[in-house]
Amino acid sequence: MPDPGNPSRAGRVAFTHPDFSLYQLARFCIVTGLEMQSVAVGWQIYEITKRPLDLGLVGLAQFTPGILLFLVSGHAADRFDRRKLLITCYTGFSLCSGLLLFTSLQGMHAVFPIYAVVVLIGIVRSFNGPVSRALLPQIVPQEHFQNAVAWNGSVNQGGTILGPSLGGLVYALSKGPSAVYTMAMLAAVGAIICTLQIKLRAKARPRERFTLKSVLAGLHYIRERKIVLGSISLDLFGVLLGGAVALLPVYAREILKTGPWGLGLLRSSPAIGAASMAILIAHRPLRNRVGATMLWCVAGFGTFTILFGISRSLILSMLSLLCVGAMDMVSVVVRGTLVQLATPDEMRGRVNAVEMIFIGASNEVGQFESGLTAQWLGAVPAVVLGGIGTLIVTALCAWNFPELRRVDQIPSINS
């Protein structure tokens, strides 16, 4: 057990469980590889078409399979061995990177093959998200779970920091995406090796019959719990409107006048802010007025999005995105801890599948919305209007979900 008199040791208590360390190493590999790959895909497509709308279509292509498969993927995460299913997903990511490498080596100058692989990545992600999140409570005990969620967010953002910067640098040095796709494929192989060594704490679950009632159990659970519904609705509509990530290639190339290296720095900035906030929460857990704190931080997310939209300085743009990531991480930790600890283990996959649809809608559909709005109005108005929309949504959620405003505490590592 961690020494309560040693705050630094208590802040890292989740890592006293070796399987948690293996889980995080695997996640770091897969996130880093996918983020590297995302930079290469975005830059490659924009170089081919020069249309912001095509960048938005990348997000839509990844999100659509999740919409179609989330009921099946959630039930699969509760019915089958989660560790084996996660290994299968990591194998799928490796194969998708190999397909992107093949298209690059063949010198294809059409976007359709790239979009086809992106759809395959979306299919793998639709299964990976629920099973990966449902696996975490089987690795660490409940009393250490908020600490695990915070470090999970920090490691995830660490990969998001390294991946875009490394992807942009490798793309620029190699003058093409092939080396990036190769590194992403190897990173997925590393994730597979780590996951093979994980041993789960929980006992095997009985296989529930595949019925309409069992498939819809996650939707019913979230609908009945207003705090959970309010928190994920806030994330859905706030981030959906305030997402500027899809337009970063436009900002890097046409507004801030940088190359792939600048795009990598911009893509990394929100992750730096998010990782910093996650580490802070790991050492200083959220204890009081967490609902109000989350609402204020989402409002801050919208405010800094507006500041990024009007910036013409690379430094100011990076600082704005850093604050965007920090504000978003508060919501991630609060929502993640509430949902996971309140959900029985035998239905965590289905609940997480529904939550992943909300998260995916806020990210991937948000990218499509940003690309479409930028096509109509231009990149700067699209980002600024999105930030304003986030502020409006925050006010509406605070009004319509008073239960969320009044949430005072969530479980801490010392409770």
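Keep in mind that what you see is a predicted model, and the values were worked out from it rather than measured.

1. A short note on the overall build of the chain
And step 1. Within the chain, the secondary structure is distributed over 17 helices and zero strands.
And step 2. Across the 415 residues that make up the chain, the buried fraction comes to 60%.
And step 3. With the model as given, the accessible surface of the chain reaches about 17,000 Å², and the carbon-plus-sulfur share is 67%.

2. Here's the deal with helix α12 (residues 260-283)
And step 1. With 24 residues, α12 should reach 34 Å at 1.5 Å per residue; the first-to-last C-alpha distance of 35 Å fits that figure.
And step 2. With 17 of its 24 residues buried, α12 lies for the most part within the structure.

3. Describing the confidence of the model for the chain
And step 1. Scored by pLDDT, the chain comes out at a mean of 81, with 87% of its residues at no less than 70.
And step 2. Looking at the elements of the chain, mean pLDDT is at its lowest for helix α1 (residues 7-11), recorded as 61, and at its highest for helix α7 (residues 178-196), recorded as 95.

4. A word on a nonpolar patch on the surface
And step 1. A contiguous nonpolar surface patch, about 640 Å² in accessible area, is contributed by Trp376, Leu377, Leu385, Ile388, Ile392 and Leu396.
And step 2. When residues of the nonpolar patch are traced back to their parent elements, those giving at least two are α15 (348-377) and α16 (379-400).
And step 3. Residue contributions to the nonpolar patch peak at four residues, all from α16.

5. Some remarks on the pattern of salt bridges
And step 1. Scanning the model with the defined rule gives one salt bridge in all.
And step 2. Its salt-bridge partner being Asp78, residue Arg82 comes within 2.8 Å of it at the nearest N-O pair.
And step 3. For Arg82, a relative accessible area of 1% puts it in the buried group.

6. Notes on unusual backbone geometry
And step 1. Of note, Lys175 is a non-glycine position whose phi angle comes to about 55°, a positive value.
And step 2. On the accessibility criterion, Lys175 (74% relative accessible area) is exposed.
And step 3. Phi is positive for Lys257, which is not a glycine, with a value near 60°.
And step 4. As for its position among the elements, Lys257 is in the loop between α11 (248-255) and α12.
And step 5. For Lys257, a relative accessible area of 64% puts it in the exposed group.

7. Quick look at the packing of aromatic side chains
And step 1. For the coordinates displayed, the defined rule picks out three aromatic pairs.
And step 2. Centroid distance Phe15 to Phe20: 5.0 Å. Interplanar angle 70°. Geometry classified as edge-to-face.
And step 3. A ring pair is formed by Phe15 and Trp151, whose centres lie 5.4 Å apart and whose planes are at 75°; its orientation type is edge-to-face. Here the residue Phe15 occupies a position in the loop between α1 and α2 (18-49), and Trp151 occupies one in helix α6 (residues 145-174), the gap between them amounting to 136 residues.
And step 4. On the basis of relative accessible area, Trp151 is assigned to the buried category, the value being 11%.
And step 5. Each member of the aromatic cluster is reached from another via a ring pair, and the members are Phe15, Phe20 and Trp151.

8. A word on the side chain of Asn128
And step 1. Along the chain, Asn128 turns up in helix α5 (residues 112-135).
And step 2. According to the relative accessible area criterion, Asn128 is buried, its value standing at 13%.
And step 3. Beyond its immediate stretch of four places on either side in the chain, Asn128 contacts Leu86, Cys89, Tyr90 and Phe93.

9. Side note on the environment of Trp151
And step 1. Linking Trp151 and Val333, residues 182 residues apart in sequence, is a C-alpha distance of 9.5 Å.
And step 2. Apart from residues no more than four positions distant in its own chain, Trp151 is found in contact with Gly11, Arg12, Phe15, Phe20, Gln24, Ile279, Ala282 and His283.

10. As for the packing of α2 against α5
And step 1. Contact geometry of α2 with α5 gives a least axis separation of 13 Å together with a crossing angle of 155°. Compared by their axis directions, α2 and α5 come out roughly antiparallel. Crossing of α2 over α5 shows left-handed handedness. Contacts between α2 and α5 involve Tyr23, Arg27, Gln37, Val41, Gln44, Ile45 and Ile48 from the former and Ile114, Tyr115, Val118, Ile121, Ser132, Arg133 and Leu135 from the latter.
And step 2. Here the contact of α2 with α5 is built from residues that sort into nine nonpolar, three polar and two charged.

11. Examining the environment of Thr195
And step 1. The topology assignment puts Thr195 in helix α7.
And step 2. As for Thr195 and Leu86, which are separated by 109 residues in sequence, their C-alpha atoms are 7.9 Å apart.
And step 3. Leaving out residues up to four positions away in the same chain, Thr195 has contacts with Ala26, Arg83, Leu86, Ile87 and Tyr90.

12. Some remarks on the nonpolar core
Side chains of nonpolar character tend, in soluble globular proteins, to be buried together.
And step 1. The biggest cluster of nonpolar side chains holds 112 residues, and the ones touching the most others in it are Phe20, Val41, Tyr90, Ile222 and Leu266.
And step 2. Ranked by the residues each element gives to this core, the list is headed by α2, at 14 residues.
And step 3. Apart from residues lying up to four places away in sequence, Phe20 is in contact with Ala14, Phe15, Leu136, Ile139, Val140, Ala148, Trp151 and Asn152.

The rules behind each value
As a convention, each chain's residues are numbered from 1 in the sequence order in which they are written. Where local features are concerned, this predicted model is filtered to residues with pLDDT of at least 70; where side-chain atom pairs are given and counted, the filter is 80 or more; whole-chain, interface and lining totals use all residues. Each side-chain value is derived from all of the structure's non-hydrogen atoms; neither hydrogens nor water enter the calculation. Secondary structure counts use DSSP, requiring at least four H or I residues in a row for a helix and at least two E residues in a row for a strand, with both numbered from the N terminus. A simple rule labels every residue: compare its accessible area, found with a 1.4 Å probe on the protein chains alone, to the largest value its type can have, and call it buried under 20%, exposed over 50%, or partly exposed in between. Note that accessible areas follow from Shrake-Rupley with a 1.4 Å probe, and for residues the cover is restricted to the protein chains shown. A helix's residues, less one, multiplied by 1.5 Å, set its expected span. Residue-level confidence of the predictor, termed pLDDT, takes values from 0 up to 100. The patch calculation keeps residues exceeding 30% relative accessible area without a salt bridge and links them within 9 Å when they carry like charges or within 5 Å when they are nonpolar (Val, Leu, Ile, Met, Phe, Trp, Tyr). By definition here, a salt bridge exists when the distance from a side-chain nitrogen of Lys or Arg to a carboxyl oxygen of Asp or Glu is within 4 Å. Centre distance within 6.5 Å is the pairing criterion for rings of Phe, Tyr and Trp, where only the six-membered ring of Trp is used; planes under 30 degrees apart are then read as stacked, over 60 as edge-to-face, and the remainder as tilted. Any pair of residues with heavy atoms lying within 4.5 Å of one another is described as a contacting pair. Angles run from 0 to 180 degrees between N-to-C directions of axes, and those axes are lines fitted to C-alpha atoms, restricted for helices to the stretch in contact. Orientation categories follow fixed angle ranges, with anything under 35 degrees roughly parallel, anything over 145 roughly antiparallel, 65 to 115 roughly perpendicular, and all other angles oblique. Handedness of a crossing is defined here by the sense of rotation of the near helix relative to the far one, left-handed for an anticlockwise turn of less than a right angle and right-handed for a clockwise turn. For this classification, the nonpolar set comprises Ala, Val, Leu, Ile, Met, Phe, Trp, Tyr, Cys and Pro, the charged set comprises Asp, Glu, Lys and Arg, and every other residue, Gly included, is treated as polar. Buried Ala, Val, Leu, Ile, Met, Phe, Trp, Tyr and Cys residues that are joined via side-chain atoms within 4.5 Å together make up what is termed a nonpolar core.

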